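Coordinate inspection notes
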Amino acid sequence: MRIAVSGSIATDHLMTFPGRFADQLVAEQLHTVSLSFLVDTLDVRRGGVAANICFGMGQLGARPVLVGAAGEDFAEYSAWLERHGVDTESVRISEVLHTARFVCTTDTDHNQIGSFYTGAMSEARLIELHAVAERVGTLDLVHIGADDPEAMFRHTEECRNRGIPFAADYSQQLARMDGDEIRELTDGAAYLFANEYEAALIERKTGWSAEELLTRVGTRVTTLGARGVRIERKGEPTVEVGCPEEERKADPTGVGDAFRAGFLSGLAWGVSLERAAQVGCMLATLVIETVGTQEYALSRDHFMERFTKAYGSDAAAEVQANLA
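Attention in this report is confined to the structure presented alongside it.

1. Overview of the side chain of Arg275
Tracing the backbone through its elements, the reader meets Arg275 in helix H9 (residues 273-288). Ignoring sequence-local partners within four residues, the contact set of Arg275 consists of Phe307, Ala315, Glu318 and Val319.

Structural data, given as structure tokens:
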């Protein structure tokens, strides 16, 4: 199964504030907030939702196709991704704009405040999925992640017109979209990804109930934080998968992307939705134990040891047969 992952490609600037944001907020003055946080650390990391997902899939051996736009400063990043099993030949390189930047500060409660500069991402709307499919032979699924909004609409429309199954996963772009836009990106999706808060916001903005959403999409995948993930399909029992035990909690950035990487890899292998979710939860656990979204190293033996402990030997045998 050949999966293309579209979305942002960015550099992350991650900072740590040795206090709690909540302690700095004055309820009566929230309409005129003016704050500056003196941070202890700065880590410059590779990021962007599509690149993060592809990196995880590459680590698992799924050989994903990265679809997005970057600047001429992307050469080193591209080489890194290729070395970790990602096809970057379909990335559009802007001649005038830098690769996007994400700047994020995390407090001691793991709350985050971030800003995102789009840069070259604005040119993602110029990418034709048909050209991508012709280059790689075929596309069995296109994951449409947070990106330039026009690119997200164009990719969704092209998937519908060409009969390519797609996954809707607008995450960070959800806040800026109205109900009509969300309905346009959602209707007919093979998969709908969201966290628990986003899932409720999707229902409120679209006016679709949880039941109606299941008539609009094939599979609804809702991540539940430390509680794992819930998978729903119309007329079928709900599947819930818990998370493996964490060895430590270092940085939550990129955990959702890692889950998607594991889940999509499971789809590429052809395993069950439950098994795919277990792979996603295991990979997400590795990421939360690491500072940075692409700084973890996936050792096959270590991965399988922890996966077996969390989900049992039968599940491990099925996954091990596919794991690179």
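Now, onward.
2. Observations concerning empty space enclosed by the protein
According to the stated counting rule, one finds 1 cavity of 30 Å³ or more in the structure shown. Lining the largest cavity we find Ile144, Met152, Thr156, Phe166, Ala167, Ala168, Asp169, Tyr170 and Leu185. Residue assignment for the lining of the largest cavity shows that the elements contributing at least two residues are helix H4 (149-162) and strand E10 (166-169). At 4 residues, E10 tops the list of elements feeding residues into the lining of the largest cavity.

3. Quick word on a nonpolar patch on the surface
Taken together, Leu25, Leu30, Val33 and Leu35 make up a surface patch of nonpolar side chains, about 350 Å² in accessible area. One can find Val33 in the loop between strand E2 (10-16) and strand E3 (41-47).

4. Structural notes on the sheet that holds strand E4 (residues 65-67)
Taken in spatial order, the 8 strands line up as E4-E1-E9-E10-E11-E12-E13-E14 in an open sheet, and their pairing is mixed. Of all the strands in the sheet, the pair left with one neighbour each is E4 and strand E14 (239-241). For this sheet the average axis-to-axis angle between neighbouring strands, irrespective of direction, equals 15°.

5. Observations regarding the pattern of salt bridges
The tally for this structure, following the rule as stated, stands at 25 salt bridges. Of the charged contacts in the structure, one is a salt bridge between Arg20 and Asp23, with a shortest N-O distance of 2.7 Å. Given the relative accessible area of 33%, Arg20 is considered partly exposed. With a shortest N-O distance of 3.0 Å, Arg92 and Glu123 are connected by a salt bridge. On the criterion of sequence distance, the pair formed by Arg92 in strand E6 (residues 92-93) and Glu123 in the loop between strand E8 (112-117) and helix H3 (129-136) is long-range, its members being 31 residues apart. Note on Glu123: relative accessible area 14%, which makes it buried. A network of salt bridges, in which partner residues are shared, links Arg2, Asp87 and Arg135.

What counts, and where the lines are drawn
Residues numbered from 1 in each chain as written. Predicted model: local features only at pLDDT ≥ 70, side-chain atom pairs only at ≥ 80, totals over all residues. Heavy atoms only, no water. Helix = DSSP H or I, 4+ residues; strand = E, 2+ residues; numbered from the N terminus. Contact = heavy atoms within 4.5 Å. 1 Å grid on protein atoms, 1.4 Å probe; cavity = no way out; pocket = protein on both sides within 12 Å on 5 of 7 lines; lining within 4 Å. Points joined across faces, edges and corners; volume = space filled by probe spheres on them. Patch = residues over 30% accessible without salt bridge, like charges linked within 9 Å, V, L, I, M, F, W, Y side chains within 5 Å. Areas by Shrake-Rupley, 256 points an atom, 1.4 Å probe, with all protein chains shown as cover. Salt bridge = Lys/Arg side-chain N within 4 Å of Asp/Glu carboxyl O. Pairing = 2+ DSSP bridges. Axes fitted to C-alpha atoms, helices over the stretch in contact; angles between N-to-C directions. Buried < 20%, exposed > 50% of the residue type's maximum accessible area, 1.4 Å probe, protein only.

By themselves, these observations are geometric and do not establish any function.
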